[in-house]
Amino acid sequence: MKGISVIIACYNSSRVLADTLRHLQVQKGCEGIAWEVIVVDNASTDHTAEIAEKVWEENPIVPLRVILETKQGEAHARRAGILAAKYDILSVVDDDNRVADNWIATLHKYYQNPEIGLIGCAGEGAFETPPPAWFKKNEHAFAIGKLYEGQFTDITEHALVPGAGLSVRKKVYDHLYAQGWKPFLEGRVGNKQTAGADSEMCLITRRLGYKIYYSNELHFRHFTTADRITWERLRNMTYGFGAADVFILVYQIHWLESTGRTSMMTRLRKLWWFNLLGKKINYFTKKNKIKDPQERELFEIRNKAFCETIVKERIKFQEAFAYLEDIKPIKP
C-alpha cells in the first residue's frame, strides 16, 4: 500500500522519545499522503510504551501503534516494525531524532523515482550538555555530520549511510524475508554497542538492484544526552564497527565482482586468513604514525575487533559469499 511507515525502535527511551514524537506531530505539506508511526518497544524496563501513547494522544495526526518485541537487539526491533508496517516506504527514525516538519513530504517526493531503494541523510547535533573536545573528530560515529556532498546524490558505489534517518522500500524486506534471509549483523543489543545492521540494510538493498541516495536536503536534529557521549561508549562502538567490518567486506567484494571488477585481490580477500594477515600488517605499519593518542587508541580497537571477529567467525565468513550469491535480485 502506498504511503510511509515511520518506525522507531526503542529501548528505555523514556527520556528522549516524547520530543521525537512531537516533531512528527507537526508535519506540513503531507495532505493526501498516507502515513503512520510504529513504536517498537524492545523489552524496555522503563515507561517507553506509556509515554508514546500519552504523547500521541495530544495530537493524533495519523495512526500510531506501539508493538512489543521481546527479543532484544536493534535488528529484531526493526524487523518487528517492518513486518507490522502497512505502507511501502519505511522511514527509520531513532528514538532521539527530531525530524524537520517537511520530513514526510520530502520522502514522498524522493520515492517517486522507482530506481531508488534507500535514502540516507545527515543529522545535526543537538546536545544536552556541550560535547567533549574529542567529539567533533568522531561525530560520524554518533550519526552526526555530513558524509557526502550535493543536495541529493547517487551514492550507490559507496552505499553506506548512517542508520539514523534512513528510509528504505518495504519491498526490499518483503523479498528478503520470503527467501528466509538472515542478516550477518544484528546491530545494537540493549546497551551492548554492537554495530553494522544499518550498513547491512544499505548493502543488501544495493544487492537487490536498487540505487542508494544521500540527501543534504532532508534534515533532522540528533538530540544526544550526556550519557551517550562518553569516551567509553565511543570505544565500545568502535569495537562494534571493527567487528562489523568483517561482513561489510563480504558485501564490498561481492559488489566489485558482480560489477565486473574481479581480480586476484578480490579472490584473495575471500580467504579469512589473508584478511587477518593484511590487518596485522596494516596495524604494525600505521600505529606508530598516528601521533594523537586518542586516535591511535581507536585505531587499535577497531583493528583488534576485526582480527578477533574474523578468527572467531572464519567459517561463517567463508560461507557468506555463497550465501549472498544465492539471494536473488529484484527488478525495481
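Note: the structure precedes this text.
Conventions used here
- Residues numbered from 1 in each chain as written.
- Predicted model: local features only at pLDDT ≥ 70, side-chain atom pairs only at ≥ 80, totals over all residues.
- Heavy atoms only, no water.
- Helix = DSSP H or I, 4+ residues; strand = E, 2+ residues; numbered from the N terminus.
- Rg over C-alpha atoms; globule rule 2.2 N^0.38 Å.
- Buried < 20%, exposed > 50% of the residue type's maximum accessible area, 1.4 Å probe, protein only.
- Contact = heavy atoms within 4.5 Å.
- Areas by Shrake-Rupley, 256 points an atom, 1.4 Å probe, with all protein chains shown as cover.
- Lys, Arg positive; Asp, Glu negative; His and termini not counted.
- Charge placed at Lys NZ, Arg CZ, Asp CG, Glu CD.
- Salt bridge = Lys/Arg side-chain N within 4 Å of Asp/Glu carboxyl O.
- Expected span 1.5 Å × (residues − 1).
- Bend = angle between axes of the 7 residues up to and from the residue.
- 1 Å grid on protein atoms, 1.4 Å probe; cavity = no way out; pocket = protein on both sides within 12 Å on 5 of 7 lines; lining within 4 Å.
- Points joined across faces, edges and corners; volume = space filled by probe spheres on them.
- Nonpolar A, V, L, I, M, F, W, Y, C, P; charged D, E, K, R; others polar.
- Phe/Tyr/Trp six-rings, centres within 6.5 Å; stacked < 30°, edge-to-face > 60°.
- Lys NZ or Arg CZ within 6 Å of the ring centre and 35° of its normal.
- Arc of directions from axis to C-beta.
- Pairing = 2+ DSSP bridges.
- Patch = residues over 30% accessible without salt bridge, like charges linked within 9 Å, V, L, I, M, F, W, Y side chains within 5 Å.

Enquirer: How would you sum up the overall build of the protein chain? Please name residues and give values.
Expert: When helices and strands are counted, the protein chain shows eleven helices and nine strands. Taken over C-alpha atoms, the radius of gyration comes to 20 Å for the protein chain, in line with the 20 Å a tight globule of 332 residues would show. On the principal axes, the C-alpha backbone points of the protein chain span a range of 60 × 45 × 40 Å. When the 332 residues of the protein chain are sorted by exposure, 52% land in the buried category. Sequence separation of at least 24 residues holds for 82% of the intrachain contacts in the protein chain that already meet a minimum separation of 6. Total accessible area computed for the protein chain in this model is approximately 15600 Å², and 54% of it derives from carbon and sulfur atoms. Taken together, the 46 basic and 41 acidic charged side chains of the protein chain have centroids lying 6 Å from each other.

Enquirer: Could you give an account of the pattern of salt bridges, naming the residues involved and the relevant values?
Expert: Enumeration according to the criterion identifies 23 salt bridges in this entry. For the salt bridge of Asp227 with Arg15, the shortest nitrogen-to-oxygen distance reads 3.2 Å. A residue pair is termed long-range when its members are at least 10 positions apart, and Asp227 in the loop between strand S9 (211-224) and helix H7 (231-258) and Arg15 in the loop between strand S1 (4-10) and helix H1 (17-24) qualify at 212 residues. With relative accessibility at 47%, the residue Asp227 sits in the partly exposed group. Residue classification places Arg15 among the exposed residues on the basis of a relative accessible area of 54%. Here Glu149 ties to Lys146 by a salt bridge, and the two come within 3.6 Å at their closest N and O atoms.

Enquirer: How would you explain H7 if you had to name every residue and give the values?
Expert: Over its 28 residues, H7 extends 39 Å from the first C-alpha to the last, a length consistent with the 40 Å expected when each residue adds 1.5 Å. When the local axis directions of H7 are compared, the greatest deviation, roughly 35°, occurs at Val246. Once H7 finishes, Gly260 follows within two positions and takes phi at roughly 80°, a positive value.

Enquirer: Tell me what's going on with empty space enclosed by the protein, and back it up with residues and numbers.
Expert: What the rule picks out here adds up to one cavity of 30 Å³ or more. Approximately 40 Å³ is the volume attributed to the largest cavity. Lining the largest cavity we find Leu203, Arg206, Arg207, Tyr251, His254, Trp255 and Leu324. Elements with a contribution of two residues or more to the lining of the largest cavity: helix H6 (197-207) and H7. Of the residues that constitute the lining of the largest cavity, the class distribution is four nonpolar, one polar and two charged.

Enquirer: A description of the packing of aromatic side chains should follow, citing residues and the corresponding values.
Expert: Per the counting criterion, the structure on display carries 18 aromatic pairs. Aromatic pair Tyr283 and Phe284: ring centres 5.1 Å apart, planes at 70°, arrangement edge-to-face. An aromatic cluster is present here, built from Phe127, Trp134, Phe135, Phe142 and Trp231 joined pairwise through their rings. Residue placement shows Lys316 over the ring face of Phe247; its charged tip is 5.0 Å from the ring centre.

Enquirer: Go over helix H5 (residues 170-178) with me, naming the residues and quoting the values.
Expert: For an α-helix, the turn length of 3.6 residues means that residues three or four places apart are oriented alike. Those residues of H5 that sit buried are Lys170, Val172, Tyr173, Leu176 and Tyr177. The buried side chains of H5 occupy one side of the element, clustering within an arc of 150° when seen end-on. Looking at the packing, one finds that the buried side of H5 touches helix H3 (74-84), strand S4 (89-92), strand S8 (167-169) and H6. The first or second residue beyond H5 is Gly180, which carries a positive phi of 75°.

Enquirer: Requested: an account of the pairing of strand S2 (residues 35-41), with residues and values cited.
Expert: It is a general feature of regular strands that their side chains alternate between the two faces of the sheet. For S2, the tally of buried residues reaches seven of seven residues, placing the bulk of the element in the interior. Side chains Trp35, Val37, Val39 and Asp41 of S2 all project onto a buried face; the interleaved residues Glu36, Ile38 and Val40 project onto the opposite face, where all are buried too. As judged from the seven bridges shared by S1 and S2, these two strands associate in the parallel manner. The residue of S2 that forms the bridge with Ile7 is Ile38.

Enquirer: Could you give an account of the side chain of Ser13, with specific residues and numbers?
Expert: Within the secondary structure, Ser13 is located in the loop between S1 and H1. Take Ser13: its relative accessible area is 0%, and that puts it in the buried class. The contact partners of Ser13, leaving out residues within four places of it in the chain, are Asp46, Thr48 and Asp95.

Enquirer: I'd like a rundown of the pairing of strand S6 (residues 116-127), residues and numbers included.
Expert: Along S6, nine of the twelve residues are buried, which leaves the element largely enclosed by surrounding structure. Two elements, S6 and S9, share ten bridges in a ladder whose sense is parallel. Across the sheet, Ile116 pairs through a bridge with Lys211, a residue of S9.

Enquirer: So what about a nonpolar patch on the surface? Which residues, and what values?
Expert: Together, Trp273, Leu277 and Ile281 make up a nonpolar patch on the protein surface, roughly 320 Å² of accessible area in all. For Leu277, the position within the fold is in helix H9 (residues 272-286). Residue Leu277 is classed as partly exposed on the basis of its relative accessible area, which comes to 46%.

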